[in-house]
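Close look at the chain arrangement
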Amino acid sequence: MQVNRLGYEAIPAENGQEALDLIASTGAQIVLCDMNMPIMSGTEMTQEIRSRLHEEYIHIIMISGNWNATSRQRALDVGADDFIEKGPDNAMMQTKLRTASRLVHHQSMMAQKNHALNLAQKQIANDMAIAKIAQRRLLESVTSIDTLPDCDCNVHSVFVPSASVSGDMFGVFKVSEDLIGFYLLDVSGHGVHAALMSVAVGHLITPEYFRKKATLPDGAHDPAGLVKALNDRFYHEDSDDYFTMFCAIANVQSGQMTFCQAGNPSPLVRDNKGNVSTLGEGGFPVAMLLDAEFTNETYHFEPGSAICLFSDAAIEADNEQNEQFGADRLRASISEFSEGDLSQLPQFFVERLQTWRNRRDFDDDLTIVVLERAALT
């Protein structure tokens, strides 16, 4: 047989149906078929191969002694890869078979690589799912209300990740009998890299670390000192990593609060009369410049008022016209909620933002934290 003489092993078939069965049972990847065969024609067999074995790469060379433009186009349309004139031209047959062999080998190598990639993707997806669970548990541990002193101050929060892991982190905890410390940070970028940095910072900022770095020797509150310590620790000349942050110490008895804003969006304050204002003037992000300066500001946290902290996803959430939600709409939203239960305020913001985005997933991690000081009775 001509194919055998060219160095290939031929598996002959009497007709198209037998050939189709042999392809399925032997795993043959190069098929030479005549346009005109009994029981099932070459074009019919090619259609069956493409229909039944579409996940396998099978190179089909159609043979005919009467090719024309129409018949060639028909062969290509049903799924043939190549065609050849019937006859004794060994050189042409060998050329076609060598080309087919190279393509089959290349496709086999690609299939192996794709299989390895699929396994790696499944492993990564599994690792990301585990990391997501671990990070959410960390967020739950650093925001446990059970760690706060007995006081008329409540914390409500919501976290909506844009991916399986996030670059947001926040914490609320007891600093002393009458003091609570709290912070929110947002690492630049998305995904695993941002999540690792946020977890590193979250693990570092324990209640003891917060108390030590945010308090001066004379007992004065110094959240800017905490931010400066983080800036010194995480700044690297060869890295573009940085994060924005808002942190504060509040006296739950007197309402006196000292805070430092480091690039994080300005919190919104709803006072006990329902008026809404902003807190802070911006500040510089953490770990962007080694000699960046961070300053403290003060605010009186009145009974019946609430402070709302946001990651920048709340402001930057855009609609289908690429228009950002913006700070003004956030202010309007909290004003509209003036008579509601503040424990529902974070989810209220989320609903507004999801409506604005027409229920599309957020492009960035969204964190909203509301600190509520109960009204005097």
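Residues numbered from 1 in each chain as written. Predicted model: local features only at pLDDT ≥ 70, side-chain atom pairs only at ≥ 80, totals over all residues. Heavy atoms only, no water.

Concerning the overall build of the protein chain
The secondary structure content of the protein chain amounts to 11 helices and 13 strands. Every one of the 377 residues in the protein chain was classed for burial, and the buried ones make up 46%. Of the roughly 19600 Å² that the protein chain leaves accessible, carbon and sulfur atoms contribute 49%. (Helix = DSSP H or I, 4+ residues; strand = E, 2+ residues; numbered from the N terminus. Buried < 20%, exposed > 50% of the residue type's maximum accessible area, 1.4 Å probe, protein only. Areas by Shrake-Rupley, 256 points an atom, 1.4 Å probe, with all protein chains shown as cover.)

A few points about the nonpolar core
With 31 residues, the main nonpolar core has Leu185, Ile205, Phe210, Leu230, Phe243 and Met245 as its most contacted residues. Every element with two or more residues in this core is listed here: strand S5 (168–174), strand S6 (179–187), helix H6 (191–204), helix H7 (207–213), helix H8 (223–234), strand S7 (243–251) and strand S8 (256–262). With 6 residues, the single largest contributor to this core is H8. Setting aside residues up to four positions removed in sequence, Leu230 forms contacts with Val201, Leu204, Ile205, Tyr209, Phe243, Met245 and Val286. Ala313, Phe337, Phe349 and Trp356 belong to the second largest nonpolar core, which has 24 residues in total. (Core = buried A, V, L, I, M, F, W, Y, C linked by side-chain atoms within 4.5 Å. Contact = heavy atoms within 4.5 Å.)

Quick look at the packing of aromatic side chains
Applying the stated criterion across every chain, the model contains 9 aromatic pairs. Ring centres of Phe173 and Phe210 lie 5.2 Å apart, and the angle between their planes is 75°; this geometry places the pair in the edge-to-face category. Here Phe210 lies in helix H7 and Phe173 lies in strand S5, a separation of 37 residues in the sequence. A network of ring pairs unites the aromatic residues Phe310, Phe337, Phe348 and Phe349 as a single cluster. (Phe/Tyr/Trp six-rings, centres within 6.5 Å; stacked < 30°, edge-to-face > 60°.)

A closer look at the side chain of Ser64
Among the structural elements, Ser64 can be located in strand S2 (residues 59–64). Ser64 gets classed as buried once you look at its relative accessible area, which sits at 7%. Engagement of the side chain of Ser64 in a polar contact is seen with the backbone nitrogen of Asn66, the distance being 3.1 Å. Not counting residues within four places of it along the chain, the set of residues in contact with Ser64 comprises Met35, Ile84, Glu85 and Lys86. (Polar contact = N/O pair within 3.5 Å; in protein donor to acceptor, adjacent residues only side chain to side chain.)

Some remarks on the sheet that holds strand S12 (residues 306–310)
Judged by pairing direction, the sheet is antiparallel, and its 5 strands sit side by side in the order S4-S13-S12-S9-S10 without closing on themselves. Sheet topology places strand S4 (153–160) and strand S10 (276–278) at the edges, where each strand pairs with a single neighbour. Neighbour-to-neighbour, the strand axes of this sheet turn through a mean angle of 20°, independent of strand direction. Where S12 meets strand S13 (residues 366–373), 5 bridges bridge the pair, whose relative direction is antiparallel. Bridge pairing in S13 places Cys308 opposite Val370. Sheet strands touched by helix H10 (residues 326–336): strand S9 (268–270), S10 and S12. Its angle to S10, the strand with the most contacts, is close to 145°. The sheet strands contacting helix H11 (residues 345–356) are S4, S12 and S13, and the helix crosses S13 at an angle near 145°. (Pairing = 2+ DSSP bridges. Axes fitted to C-alpha atoms, helices over the stretch in contact; angles between N-to-C directions.)

What about the environment of Ser305?
As for its placement among the helices and strands, Ser305 is situated in the loop between strand S11 (297–300) and S12. Taking the relative accessible area as the measure of exposure, Ser305 reaches 0% and is therefore buried. As a C-alpha pair, Ser305 and Asn272 span 33 residues in sequence and 4.8 Å in three-dimensional space. A polar contact is formed between the side chain of Ser305 and the backbone oxygen of Glu302, at a distance of 2.5 Å.

Things to note about a nonpolar patch on the surface
A cluster of nonpolar side chains, namely Phe284, Met288 and Leu289, defines an oily patch on the protein surface of about 230 Å² accessible area. Mapped onto the secondary structure, Met288 falls in the loop between S10 and S11. (Patch = residues over 30% accessible without salt bridge, like charges linked within 9 Å, V, L, I, M, F, W, Y side chains within 5 Å. Salt bridge = Lys/Arg side-chain N within 4 Å of Asp/Glu carboxyl O.)

Focus on the packing of H10 against H11
Axis separation between H10 and H11 bottoms out at 11 Å; the angle between their running directions is 130°. Here H11 runs oblique to H10, going by the angle between their axes. Judged by the sense of rotation from one axis to the other, the crossing of H10 with H11 is right-handed. Where H10 approaches H11, its residues Arg329, Leu330, Ser333, Ile334 and Glu336 are matched on the opposing element by Leu345, Phe348, Phe349, Arg352 and Trp356. Among the residues making up the contact of H10 with H11, the classes are represented as 6 nonpolar, 1 polar and 3 charged. (Parallel < 35°, antiparallel > 145°, perpendicular 65-115°, else oblique. Left-handed = near helix turned anticlockwise from the far one by under 90°. Nonpolar A, V, L, I, M, F, W, Y, C, P; charged D, E, K, R; others polar.)

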